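# Structure assessment
One-letter residues, chain by chain:
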Amino acid sequence: MERRGETIDEEQGLIGPRPRPGGGGEGVSGRRTWPTVDGPHGLSEEESAAYARSYFYWGFALLPLLWAVNCCYFWPVLRNSHPSPHVRRYVMPSAIGFTIFTVLLGSWSLTFLIGGEQLFGPAWNDLVMYNLADKLGLTGWT
């Protein structure tokens, strides 16, 4: 099966650039890549697209760490200049979504970590959770 500029070996799940006529090689880099980090033991292109799609959509269900899994598992698609377009369609937005999630979570946690009582003033005692047991009278000592 061939698409614009790439060949796909369906039997082994290999993707890569179309060999140049008379070049005698496997495209520009001289090697072919797989869509997953598992190499020849990984998924085919169709299975890879299905997994990448499911990880991408489940990441919106408040599980953005699946976006990181998607990026790590399909790392060859992210770094290869001739990736599978079906898989890359879901892996690139996963990388962007995970980056945005990480920046937002990091800024939120640093706000509370660095700011603390100096930033929030008297409202700090209502925001923190470490004194929740004292508020509810769950400690045996008073």
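Rules of the game
- Residues numbered from 1 in each chain as written.
- Predicted model: local features only at pLDDT ≥ 70, side-chain atom pairs only at ≥ 80, totals over all residues.
- Heavy atoms only, no water.
- UniProt positions renumbered as here; feature names shortened; annotations may be inferred.
- Phe/Tyr/Trp six-rings, centres within 6.5 Å; stacked < 30°, edge-to-face > 60°.
- Buried < 20%, exposed > 50% of the residue type's maximum accessible area, 1.4 Å probe, protein only.
- Helix = DSSP H or I, 4+ residues; strand = E, 2+ residues; numbered from the N terminus.
- Expected span 1.5 Å × (residues − 1).
- Arc of directions from axis to C-beta.
- Patch = residues over 30% accessible without salt bridge, like charges linked within 9 Å, V, L, I, M, F, W, Y side chains within 5 Å.
- Areas by Shrake-Rupley, 256 points an atom, 1.4 Å probe, with all protein chains shown as cover.
- Salt bridge = Lys/Arg side-chain N within 4 Å of Asp/Glu carboxyl O.

Per an unreviewed UniProt entry, the protein carries the name (wild Malaysian banana) hypothetical protein and comes from Musa acuminata subsp. malaccensis. Comment text from UniProt for the protein, heading Sequence similarities (unreviewed entry), reads "Belongs to the PEN-2 family."

Attention shifts here to the packing of aromatic side chains. Taken as a whole and assessed by the stated rule, the structure comprises 12 aromatic pairs. Plain terms: the ring middles of F112 and F120 are 5.0 Å apart, the flat faces sit at 20° to each other, and that makes the pair stacked. For F120, a relative accessible area of 27% corresponds to the partly exposed category.

Right, let's talk about helix 1 (residues 45-59) for a bit. Along an α-helix, residues three or four positions apart point the same way, because every turn accommodates 3.6 residues. Look at helix 1: 21 Å from first C-alpha to last across 15 residues, which is about the 21 Å you get at 1.5 Å a residue. Taken as a whole, helix 1 has its buried residues at E45, S48, A49, A52, F56 and G59. Down the axis, helix 1 shows its buried residues gathered within 100° of arc, on one side only.

Time to look at a nonpolar patch on the surface. The grouping of M129, L132, L136 and L138 at the surface amounts to a nonpolar patch, some 440 Å² of accessible area in total. Summarising the element assignment, M129 is placed in the loop between helix 5 (124-127) and helix 6 (132-136). When its relative accessible area of 59% is taken as the criterion, M129 is described as exposed.

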